Each structure stands twice: as structure tokens, then as C-alpha cells.
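Next come the chains, spelled out residue by residue.
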Amino acid sequence: MMRRVLSLLSVCCGLFSVSCILSSVCYSQDTTRGVRIGLTYAPGTRPGVLIVPVSGHNGDSVRVMLGRDLDFGDRLTVIPTDSGDAPSGPLNYPVFAALGAAAIAQASVTPAGSLHVVVHDVGGARVLGVIDFPLPSPALGGEWRFTVHRGSDEIERLVTGSRGVAATRAMYEHAGSLWIVDSDGAQAHPVGGTEGGLSPTWHPSGRYVAYQQLANSGHHTIVVKDLTGGSVARSFSSGHTLNMSPAFSPDGNTLAFASGADGTDIYSVAPFGGGSPTRLSSGQGTLNTNPTFSPDGRQIAFTSGRLGHPEVYIMDADGTNPDLLTTTAFGDQLYRSDPDWSPDNRRVAFQSQVGGVFQIMAISLRDRSVQAFTSEGRNTEPSWAPDGRHLLFTSTRSGTAQLWVLDTESNRTRQLTHGGARMGAWSPRF
Amino acid sequence: MIRRCARLVLVPAIVMAAGACFATRNDVRTLQGDIAVLRAENLRADSVHRAQFQQAAVQVGAVSDSLRSLNAFLARFVSDVSRFQGDLSVTLHQFGQQLLTVQELAGQTQKRIQDVKAQFERQEAELATAAQPSAAPAAQGAAGGPPTGPAQLFEAADAQFRKGSYAVARSAFEGFLEQFSNNDRAAEALYKIARSYDLDGIAISADSVYALVVEKYPTKAEFAAPSLYKRALAAKAANQPAKAREYFQKIIDSYPRSLEASLAPDALKALPKRP
Amino acid sequence: MLASRHSIAAIALTLFAVSACKKKPEIVPPPTPAPVAPAPVAPRLNQDSIEAARRAADAAARAAADAADARRRSAEMESVRSAIAAKVYFDYDKDDIRDDAKATLDAKVGILNANTAVRLRIAGHTDSRGSDEYNLALGQRRAAAVQRYLVGRGVSASRFETVSFGKERPASQGENESSWSQNRRGEFEIIAGGDNLRMPR
């Protein structure tokens, strides 16, 4: 008997050690997204990165932008240093190690007008990678800045294994029009011809956006706009006066939206093909809005009032098998809405009332556990960054409605807009 | 461009692989708990259970073997990924194949764990019966099986389904149907097998199992109606409007109160006109 | 002469009818006396001028009566318009027609029955508390609930268009219950057949 127990115990131990190995593999998978060419670092810490002074034309601007981007990325700690001359010759790694740097970004703007970055691994005393991006003119213009953001994302990828989201944009509503702003809050500008625009959403290509357009008559139509051409590509209506909250499928070939005369249902239409919109949901007179696709395009989460108050549901993308997602008891606050499915398929962000005020939360698709992210002010309309880690949302915490960015791992927040904004939609990577 | 595509594939691939082993890890943890409980029970139990116990130990060994192979594969996979990132020497196709293997291994491991779990459930139940001295022989003779088995098996499968481990859920539901084909929830199990194919994007298998649901459980409207609807959409996608029309019409005629019956008229209208 | 007087009266009447919103009725110019030519017969001339004066007085009286009539019609139209435009209010997150709203809507039913050419746009609005997007759907349902009530009172559904503004066009800007309750509303706009509105009999 005793021997058997012992043998079983040893099996258990074996099993446990295997699961330990396995979990460590899982861990590195999860944190570095499979790329092990970066530095190894402990969970929860942000390795230090030092951006040495940047040589070349507008080097100081490049350095400031890179530093800000890497800081906003929430995966690295940017080690502050004095400005000065760009170092020449080989880098003295131990000196940088003493400053707490795990990595060094050595950037320059070449005479030919390229952004050239050498990324060093301080611990390994080696070069991790070299980045070379031609900088479009004019210097400091929108496209020039965007290229520097690309450089930031590449540095982040080399050091942490995960590409950053600095080279992305957000679209939002402000003063009756739609606006676009870069991920660092710069370059905010209105998009022409979008008067009456609400609820913008990006096509996965980043080339098109869809939104609903409210006319003075109260009629809402869905508009798909080509951002490169600027002219209206197409507009859609199910035949009812209300057509709202559009969302593209991840393959970009389906556009879902809500529409209806007495109660609303989810409809879908081929945004660039033929055919008229078809009804997906069967709400029987209840309100069904805010569709958002799963990353594989096979399911749709949406807001529905079918139980008498808004909750978030999931259904198959063909409208079958509707199922309540937000089953958790939320006390007497019977209001959950505006879901956004994370691009990594791990969770669905939504807004839920707490004490009568909306807050941003996310529900895990694995075990239905709910995580609350905000508590200050009214926080609504979450939109995931393409990294599945950062969330864009509307908050009144500064006194007026503005867009804010939240890092769901550290709960760090920053204000993105300052001139008033709502209905933010984070773009895909371009 | 290739690099970009590669990354697009890479991220979901890693997430899926990582997801699969998360599931496995939790299950191992649960299993460890089960083993501990069983060990305690066994210290008290009679030698009658020794044989079963030994068998369980063998199975645990098998589980740990498959975990080991999964682990080894994952390690290889990870190093391949980094090489892939480095020199793009591995083609996307190979990459996909490897991912499938990871899923397959994870699925097998899960299946084994499910089996062991089911056996533990059974043994626990028997231990409980044995604890009641007079009733024990009669109960064993009459019931001849575990009284709590089907519900627990179904729940375990459904839990996998809910958290999106469709391959695992599928094999667990299949195991449930092998043992309890006449259970009340058999129709639901079969329907969820079809859905698990559907949600994994394996359309042909999904359609054939939906067909089976319609055939075997025509009176269970909650499963037959959506199965028919899925079949209709599949027929439409396969450019077989006549077949699609027939299925949509059957939903309206046979299951007028179903959700799908309220969608079918619109779907019928959207079908291309008869030639 | 007679013809010209009539035409002047007719013009005046039309003016009144059309310019219902103009509060001050125009003064009808007295018919210009025909240039008096040296008349051969004095009694006849006398007779004529008496007649002319009487006719002028008649016209003025009729014009005054017409003006009063137009004023009455204009006031009537005003009250019809305001009855049609009268808003209805809703409870939080609800689309049920409240009892106070029923009286408001019943008044509209009579007017709609008396003015069969009128088409109405019913616009649903919400307060600022719910989700921006869900509120648009809620506003639509409020408009539909109002339409359903009116149709239930016998008015054809084809005479309505329902739209929603959600919380995009607040009537009151505050963030308190008094503002919210003013914003949870249904509004009405005549989109066809708005000329010559009649009071229900």
C-alpha cells in the first residue's frame, strides 16, 4: 500500500514538474508572443531602455517622439538622460547597465533622410537589430511623424518581442464631425465630409472607415468612406430610418450594423459587393445594437435589451445561438453595453453602470471573470488597440468628455485628446 | 509583405497555442486535486479498489507522457517561431501544420485527462456507495454504473465548449455520446459537436453533424431548427439555392415558433430567384 | 366698379388667409373715387356719391369682418399647430406611453382626423445617461411607441415617419433629473399637408 502511494506521489511530482515546465513555456509564449529573440525579463517589470541622443536633422524631435512612444507602450521604462551629443564609436555596455538600461536605442537621421536605429542588448553586449525607414518629407509632417512611430514599434518589438501600437490612429466624434488623431495625441484633424458622423469604425485594412451619418431629418445611414480618396464610397440602409453602430468583420468582407423601426436588429451587408442588407438577429421588437466581431469572424457580440435591460450577448455570425455573455451578477445596476471584442480573442470589453455611472470592464471569454478598469468619472465606449492590451475610451474625468488610453495590464492611463471627443475607434496597424 | 503576413499568422497562432496549454495546465491542477482526494480516500478504502487505483496511476502516467511530448513539441515550436522570425525559412504552410500538431497533442492530452477524470468520478461514486455498508451490494448490482457520471461528463465537455476549446469539447462530447447515447442531453451534445466544428471553421464536418441532429432529433426544435438553418446557409454558400430554399421552408413549416423561423422568411427572400 | 371692389376684397381676404402669421392685418385702402368729372345733373351726382360712400362703408365692414375671421383662423391654426407640436415625455429607459402623454396624443388624433393631408415625423429623444448608441435605438423605440398609440386610435400608419435623435439633440443641457426628464421626449414635426389646418369639429 505504502509503496503504491509513494509511486503515485512520484507520478504526481513528475506531473507537477512537467506542468511547471509547461507553464514556463506558456509564460514565455504569452509575454513575448513567441518571439524569443528579445531580452528575458521578469513578469510585471518594464525593462529599461535608454535612447541616446539622436544625430542628424531633427534628431531631438525623433528622440522625444521615440521616448514618448516607448513610454506610452507600457512595456519599457525609458531611462531619462541628459541631451547631448550622439555617442560615436562602440557603446560601453557596462556603463549603460549601471544606468539600469537593458537595451539601448541608438537612432540617427541619415543624410539621405532615413530613420536609422540600432537596438542594443546591454546584458548580452550585442546588437539586437537594425531599423531603417526612409522618412517622407516634409520633415515633422504627418507622414514623417508616422514613420518615426513605426520606428518606435519596431524598437519595442526588438526588445520585448511585441510590436508596439504607436503607428496607429484613432477616429472619433467631435463637434458634429469625425476626426482622426495619432496614437500620441498629435495631428488631430477633422475628416472632410463627415458632418453628422457618429460611431466610426475602421476597416481592417485601415484604408476605409464606416460610420453612421445623422441627417437633420433624423435619418441615419451607414457610410463607408475611403480615407485615401476622401470621397464617399458607399452608403447603406436596411430601409428603416435608423441605421447605426457599424462594424467590419476581421476579413473586411462583411459590415454589420443595427437597424429597425420599432426595436432594432443586427443586419449584415457586403460593403464592397452587391446585395442588400440581411437581418441577422431576431430581437422581436427589442433593442439590439453595437455588433463587434470575434477575431475569427465566426461570432458577434452585441448589446441587447431582450431581458428588459441592456446586456452583452454573443451569437454566431449568422444570427443563430444567441447567448447572454454578461451573466455575472452586477448588483442592481442593470446596464451593460458597447462591447468590443479583443483582437487576441481573450476578452470582450464593455461599459457597465456602477452606482449609476458607466465604467469600463472586460469579461474573459475563457472563464467569464470580469475585470473593472476605471472608477473616476464617466467612462464609456471602449475600443481595443490592435495589441489587445490597450483600450481607448471616452472619459469625463478631466471635466469634459475626452479620449483616454488605458493599459489593461498596469492600469496606467493617459489623456489622448484635449479638445473634446467621444466614440473613439482605435485603428488597426497600418 | 511576406513578413507582414507572417506576423498576422503568428500572433493568432501563438495565442492559440498558448491558450491550449493554459487549458491543460488548469486541468492538470484539477487533476492533482482529484488525485489527492482519491489518495486520502484510498488510505481508508479496502483493497478492492487497488486494481482500479493502479489503472488510474497508469493513466496518469500516460497523461504525463503526452504532456511531456506536448511540452517538447511546444519548445520546438517556439524555437521554430524564433527562427521563422529570423530568416523566414519556414513557410507558412509548415507553420500551420505545426500548429495543427500542437492542437492535436493538446487535444489528446485533454482527452486523456477527461478519461481519467471520468474514472475518478466513477470511483468516487463507488467509494461513496461502499461507505453505506448494507446498500452497497444492491446499489452496485442494480445501477451498474455511476449515478453522477453523465451530468458531470456533460458539464466538463460544456465547460470546454464555453471557454472556446472546441476540439477538446468535441472529443469530450463524443465520449459522452459513446457512453450515454440515450441521455436527455444527447441531442444537445450532438448539436454542440456540430457547433464545435462550425466554430473551428471545419464546415463540411459541421454540416454532416447538423444533418445528423436533424435526422436523429427532429422533435427537439431548439437543436433541429438551428441545425436546419445552418444547413440552409451552407447550401446557399455552396451555390445550391434549391436545397437552401427547402431547408428554410422546412424550418418555417416544422418549427414555426423557433428563432430561426423568424429569420427564415428574410433569408428566403434573399435567395437568388428560381431559374 | 363693382367688379373692382370685389377683386380688392378678394385680394385682401387671400392676403389674410395666406399671411396667417402676420399679426397686423393690412389696412384695405378705400376704393379710390373715380376722378370726378364736371357732372351735368346735380341730383344724379349727389345720388351717386351717396351710393359710393355706402358701398365704401360696406367694403370696410366686410374687410373688418374678414380680418377678424382671418385672425380667428390664424389663432385656430396656431392652436392646432401647437397641439400637434406638443411633446410627450417618457420615464427613464422606458418607451411606455405615460398617462399624461395619452391626453397629449389624443388631442393630436382629433386634429389628424380633421386634417387628413397632414403627415407627421415623430422624433424620439433620450436623456444623456445611457449609452450614446443604445440611446439612438431607445429613441427610435419611443417614436415607434408613439406611432403605435396613434395608430391604435385609428390614424393610418402611413401618415407617420419615425426617427430617433437619441441624446444628440438635448432640449435641456443640465445633468440633473429636471433636465433629464425634459430630454426624454417625443417631438412632432409636420412634414406634409401643413397648410390650411382645421380645428377638429
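The numbering scheme is per chain: residues are counted from 1 as the chain's sequence reads. Each chain takes a letter, starting from A, and each ligand takes a number, starting from 1, following the order in which they are written. Local features in this predicted model are restricted to residues of pLDDT 70 or higher, and side-chain atom pairs are both shown and tallied only at a pLDDT of 80 or more, whereas totals for entire chains, interfaces and linings draw on every residue.

(A) The arrangement of the overall build of chain B in detail. A count of helical and extended segments in chain B gives 11 helices and zero strands. Scanning chain B from its N terminus toward the C terminus, one meets helices and strands in the order α-α-α-α-α-α-α-α-α-α-α. Partly exposed residues are those falling between the two cut-offs: more than 12 but fewer than 20 other C-beta atoms within 10 Å of their own, whereas 20 or more means buried and 12 or fewer means exposed, with C-beta atoms placed from the backbone. When burial is assessed residue by residue, chain B has 37% of its 275 residues classed as buried. Per the convention used, a helix needs a DSSP run of H or I reaching at least four residues, while a strand needs a run of E reaching at least two, with both numbered from the N terminus.

(B) Representation of helix 6 (residues 166-179) of chain B in the model. Helix span, expected: 1.5 Å multiplied by one less than the number of residues in the helix. Spanning 14 residues, helix 6 of chain B covers 20 Å between terminal C-alpha atoms, matching the ideal 20 Å at 1.5 Å per step. Burial in helix 6 of chain B covers these residues: Y166, A167, V168, A169, R170, S171, A172, F173 and F176 of chain B.

(C) Region of the structure containing the sheet that holds strand 29 (residues 422-426) of chain A. Residue and element names in this part refer to chain A. A pair of strands counts as paired when DSSP detects no fewer than two bridges linking them. On the basis of which strands lie adjacent, the open sheet formed by four strands has the order 8-7-6-29 and antiparallel pairing. The sheet is open, and its two edges are formed by strand 8 (189-190) and strand 29, each paired on a single side. Strand direction decides the pairing type here: strand 6 (residues 169-174) and strand 7 (residues 177-182), joined by six bridges, are antiparallel. Across the sheet, the residue bridging to R169 is D182, located in strand 7.

(D) Seen up close, the packing of helix 7 (residues 186-199) of chain B against helix 9 (residues 221-237) of chain B. All names here are of chain B. Each axis is a line fitted through C-alpha atoms, taken for helices only over the stretch in contact, and angles between the N-to-C directions span 0 to 180 degrees. Running from N to C, helix 7 and helix 9 point in directions that differ by 25°, and their axes come no closer than 10 Å. The angle between helix 7 and helix 9 falls in the class roughly parallel. Between helix 7 and helix 9 the crossing geometry is left-handed. Along its contact with helix 7, which presents A187, E188, Y191, A194 and D198, the element helix 9 presents F223, S227 and K230. Note that Gly is not counted as nonpolar here; it falls among the polar residues with everything else outside the nonpolar set of Ala, Val, Leu, Ile, Met, Phe, Trp, Tyr, Cys and Pro and the charged set of Asp, Glu, Lys and Arg. Class assignment of the residues belonging to the contact of helix 7 with helix 9 gives a composition of four nonpolar, one polar and three charged. The cut-offs work like this: below 35 degrees is roughly parallel, past 145 is roughly antiparallel, 65 to 115 is roughly perpendicular, and the gaps in between are oblique. Left-handed is the label given to a crossing in which the near helix is rotated counterclockwise from the far helix by less than a right angle, and right-handed is the label when the rotation is clockwise. Throughout, a pair of residues is in contact if the C-beta atoms placed from their backbones lie within 7 Å.

(E) Structural view of unusual backbone geometry. Residues and elements named next belong to chain A. Cis geometry marks the peptide bond from S137 to P138, where omega comes out at 5°. With phi around 65°, N411 is a residue other than glycine that occupies positive phi space. By the secondary structure assignment, N411 is in the loop between strand 27 (402-407) and strand 28 (413-415). Classification of N411 as exposed rests on a count of 12 C-beta atoms within 10 Å.

(F) How the structure looks around the interface of chain C and chain A. Of the residues lining the interface, 18 residues belong to chain C; the matching set on chain A comes to 26 residues. Contributions of two or more residues to the side of chain C that touches chain A are made by strand 2 (119-125), helix 4 (132-152) and strand 3 (160-166) of chain C. Sort the elements by how many residues they give to the side of chain C that touches chain A and helix 4 of chain C lands first, with nine residues. In terms of residue class, the side of chain C that touches chain A is built from eight nonpolar, four polar and six charged.

(G) Focus on the sheet that holds strand 1 (residues 88-89) of chain C. All names here are of chain C. Pairing is mixed in the open sheet, where four strands are placed in the order 1-4-2-3. Looking at the sheet topology across the chains shown, the edges are occupied by strand 1 and strand 3. The sheet contact formed by strand 1 and strand 4 (residues 185-192) spans two bridges and is antiparallel. By the bridge assignment, Y89 is partnered in strand 4 with R185. Packed on one face of the sheet, helix 4 meets strand 1, strand 2, strand 3 and strand 4 and runs near 155° to strand 3.

(H) Representation of the confidence of the model for chain B. Residues and elements named next belong to chain B. Across the chain, each position has a pLDDT score giving the predictor's confidence in that residue, from 0 to 100. Confidence along chain B averages 73 in pLDDT terms, with 45% of residues attaining 70 or more. Highest mean pLDDT in chain B belongs to helix 10 (residues 241-254) (97); lowest belongs to helix 4 (residues 135-143) (39). Throughout residues 13-23 the model reports pLDDT below 50, and contacts reaching past four residues in sequence, or to other chains, amount to 28 contacts. Counted against residues more than four places away or in other chains, residues 86-90, with its pLDDT under 50, gives nine contacts. Both confidence scores are given for the complex: pTM 0.74, ipTM 0.83.

(I) The arrangement of the nonpolar core in detail. Core analysis: the biggest nonpolar cluster contains 73 residues, and A170, M171, A210, A301, V348 and L392 of chain A have the highest contact counts within it. In this structure, F161, F173, F223 and A267 of chain B belong to the second largest nonpolar core, which totals 42 residues. Think of a nonpolar core as buried Ala, Val, Leu, Ile, Met, Phe, Trp, Tyr and Cys residues, each tied to the set through C-beta atoms within 7 Å.

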